[in-house]
Amino acid sequence: GPRSWPVLCGVVQGVAIFAQPVMVAGRLLLADRLLLPVALAIPLWQSLVALLTLLFFEQLLRVLGLAAVKWTLIGRYREGDHDIYSLYYLRHWLVEHLAKGTIVGQSAHQGSSVAFLFMRNLALKALGADIALTSVVTARVVAYDLISVKDLATVHGPRHLTGVNYGSRRMVLRKVKVGEGAFVGPNCTMEPGCEVAPAGYVEPLSTVSAGTLVEGRVTGVPAQVVGPVDLSRLPSVDEVQKVRRNNAVVALGYWLLLLPKAMMPFMLVVLFRLLQREPSLTGPVDFSRPSLDALPPMLMAQLPWLPLIAFAASMVHTILQLLITAVLCRYLPKMKPPCTYPLTHWRAQIAGLKMSMVLQAAEMLADASIVPAFIRLCGAKMGPGCVMGLQVTLPETLVVGQKSFFATGNILTSVDVDRGQFKVPCITYMGNQTFLGNHNHLPEGLPDNSFCGVGTWLPKRPTEPNMSYFGNPAMKFRRLSSQAAGNVNQGPEKAHFLARFWHHFSTSVMDVFLYRGVQGSTTAMAFFVSRTVCPFVSEVWEPVNLLLIYIGFALGSWYLFSVVLGNLLFNGHAPRSNAYYSTTVTRWFTALTAQQRVFKLPFQTAGSRWQAPILRLLGARVGKRFFCMNELVLVDAPFTEVGDDVTVDYDGQIRCHSFEDFRLKFVHYKIGHRVTIMSGASVAMCDAGDGAVLRPGSLTWKGSNLEPNTVYEGAPAAARDVESGSGPTLLQKTSMLQTK
């Protein structure tokens, strides 16, 4: 636009982006030169207390800093229309970039702690958002002053709750309102300019379009009315006050959530005390030192062993985390559906803790072949021959049949957090030989031989087996190639013993444990080099050199493992169809583990001109003036070609693979020039012609290409009549009639 400053934005954003690894290296240097010597000089219990105190005040200072920057650069967000890369956009981007490192930018889910959600609501209020302290908001909030969530309302993520829209290739700001007692389910897309009235209900995986007022129960992409308003959802004054008081009491225990973060550094302090052969682990260390940052001579003599010790310690830490999760899930009190508890009840808190721990462990395990066995250890009932990735679930309420395949990102639980209550209405029963793609929500489960594609919402368990479902409202069909023949999901193809052994070893040992051991030894190597080059700081310029050492190891390890090794293992030359036990599948899993989970990108580039060069490093072909607000926009970068002037809004995604029938299939797909993928939309397994537009929350059907200069909407997406589409939808007409 005429008021854009792309060069200035590129320079300022570049400085902010590349400051991220500098800040991480600064924290490591501070821990190396100040915190570690102090921790060795005080009793061990005081070290743990000091770690918890530092972690708490670090989060507090981050929020205070974010608030200061936001009110200084933006003031209050107001509705408006701005050029991308304008000065206003640049100020907004800086605020959002800083927010990613605070409690405001952390992810949440149905099982997140009340203490965490309450503290985050306080932070959002300090940033100008109209967020009630009794509300549950697990979605990431953007453009704070434009967001309003009232008492006992619920807005679930993981998609953003944002007042900013880039779908028109401009920065458009509009208000989003959610009234008292309203509910917005997981994976919903709320387009800026929409409103959910008090007691309104938006079912999961639905899209509420701009200009829409939801006054009843709605579902679908775009949302359509399926039920009237339930006035019993409106909270009373006494109910609000009781929930607010209980939430505030539980929030006093927020510091307990910091214990897991403090354990790894605390274990390192214990390790260093053991390395220096100190007879007493609890008492202070007595040694004379030439400088405040110097370490004892006995400890310095043991430093060459540190990378090897860190390699083993990182793997032990991973094993302990998995074991603790399994033990707690197995032996803590279990939910017995159907049941409902206040969100602050101890049973609800235990169930939420289980969900959080299992989710964290599943993120660590990713696509490992031991995931089904681990979920079974945590209390789920799992049949033989199953394959699954990361799922959101409460283990004791999940039953899975044999030879089932679940891709990542599905919600396999009936847990519902609504109006300050934790509800578990039923067990989730998944039948034999069921298949799930990504981001499906199935509270009651599926019958035998059922198939769910992507983004499918099934509030009730179907009764008919051997059927397939896709989208919201779920399209029901039969896969002629397999279900009609009765041979769907018969399990992986037969493979040689060595092929199966390598698959299990690669996904469950190398990717889960060895990679994290290498990550730990890399940090330890930086520490060893730092201490070898400069045992203690004696000159003013030496901290700069030490900072460069930590930065060099961080950037070097990312480039070596994510870029070089990742591209060697997985690139555009991979076979198009691959058996489950093939080396192509294990290489793909290993590359994803390196790039997305272990050696992550050390800086976040979404919303800047620096994102396209990073995607090109990972194998994608990206055109000019690419604009995207999603960090993980390309699932299969080597198979993706993106044209010029392409826009991808929040939570938009492009994927080029499928995994049905236990075969991994890749196809090269092209996103044409001037294509717009709006918030929460996904272009999956198809081409997009020049000028095509995919509306918010929409999903493409495999092989159904988007025609040039055509607007698509729905799940599955279909061409939209622009002339008729410009008028009110059924939902909007209903809202107008109710208003009259």
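Residues numbered from 1 in each chain as written. Predicted model: local features only at pLDDT ≥ 70, side-chain atom pairs only at ≥ 80, totals over all residues. Heavy atoms only, no water.

1. Concerning the packing of helix α8 (residues 306–331) against helix α9 (residues 346–365)
And then number 1: The contact between α8 and α9 brings their axes to 10 Å, and the two run at 145°. In this structure, the crossing between α8 and α9 has a hand that is left-handed. Taking contact as the criterion, the partners of Thr318, Gln321, Leu322, Ile324, Thr325, Leu328 and Cys329 in α8 are, on α9, Lys354, Met357, Val358, Gln360, Ala361, Met364 and Leu365.
And then number 2: Per-class residue counts for the contact of α8 with α9 are 9 nonpolar, 4 polar and 1 charged. (Axes fitted to C-alpha atoms, helices over the stretch in contact; angles between N-to-C directions. Helix = DSSP H or I, 4+ residues; strand = E, 2+ residues; numbered from the N terminus. Left-handed = near helix turned anticlockwise from the far one by under 90°. Contact = heavy atoms within 4.5 Å. Nonpolar A, V, L, I, M, F, W, Y, C, P; charged D, E, K, R; others polar.)

2. As for the nonpolar core
And then number 1: Ranked by size, the top nonpolar core spans 117 residues in total, and within it Tyr144, Leu161, Phe422 and Phe626 carry the most contacts.
And then number 2: If you tally residues by element for this core, the top one is helix α2 (residues 44–73), at 7 residues.
And then number 3: By size, the runner-up hydrophobic cluster in this structure holds 31 residues, among which are Ala326, Met388, Leu398 and Leu436. (Core = buried A, V, L, I, M, F, W, Y, C linked by side-chain atoms within 4.5 Å. Buried < 20%, exposed > 50% of the residue type's maximum accessible area, 1.4 Å probe, protein only.)

3. Here's the deal with the confidence of the model for the protein
And then number 1: Per-residue confidence for the protein averages 90 on the pLDDT scale, and 94% of its residues sit at or above 70.
And then number 2: Taken together, the stretch residues 724–740 has pLDDT below 50 and engages in 24 contacts with residues farther than four places along the chain or on a different chain. (pLDDT = per-residue confidence, 0-100.)

4. Notes on the sheet that holds strand β37 (residues 640–642)
And then number 1: Ordered in space as β35-β37-β42, the 3 strands form an open sheet in which the pairing is parallel. Edge positions in the open sheet fall to β35 (621–622) and β42 (669–671), since each of these has one partner strand only.
And then number 2: Two elements, β35 and β37, share 2 bridges in a ladder whose sense is parallel. Bridging from a neighbouring strand, Arg621 pairs with Glu641 of β37. (Pairing = 2+ DSSP bridges.)

5. What to know about empty space enclosed by the protein
And then number 1: Under the criterion given, the structure shown has 6 cavities of 30 Å³ or more.
And then number 2: In this model, the largest cavity occupies a volume close to 80 Å³.
And then number 3: Considering the residues around the largest cavity, the lining is formed by Val114, Leu117, Phe118, Leu133, Thr134, Ser135, Val136, Val243, Asn247, Leu343 and Gly420.
And then number 4: Looking at the lining of the largest cavity, the elements with two or more residues in it are α4 (114–126) and α5 (237–251).
And then number 5: Of all the elements, α4 adds the most residues to the lining of the largest cavity, at 3 residues.
And then number 6: Here the lining of the largest cavity is built from residues that sort into 7 nonpolar, 4 polar and no charged. (1 Å grid on protein atoms, 1.4 Å probe; cavity = no way out; pocket = protein on both sides within 12 Å on 5 of 7 lines; lining within 4 Å. Points joined across faces, edges and corners; volume = space filled by probe spheres on them.)

6. Considering unusual backbone geometry
Excluding glycine, most residues fall at negative phi; most peptide bonds, likewise, are trans.
And then number 1: Here the residue pair Pro337 and Pro338 is connected by a cis peptide bond, since its omega of -5° sits within 30 degrees of zero.
And then number 2: Position of Pro338 relative to the elements: it lies in the loop between α8 and β19 (339–342).
And then number 3: For the bond from Ala715 to Pro716, the omega torsion is 10°, close enough to zero to count as cis.
And then number 4: Phi at Arg169 takes a positive value of approximately 60°, unusual for a residue other than glycine.
And then number 5: Counting through the fold element by element, Arg169 comes out in the loop between β8 (164–165) and β9 (171–173).
And then number 6: For Ala199, which is not a glycine, the phi torsion comes out positive at approximately 70°.
And then number 7: Assignment of secondary structure puts Ala199 in the loop between β13 (195–196) and β14 (201–202).

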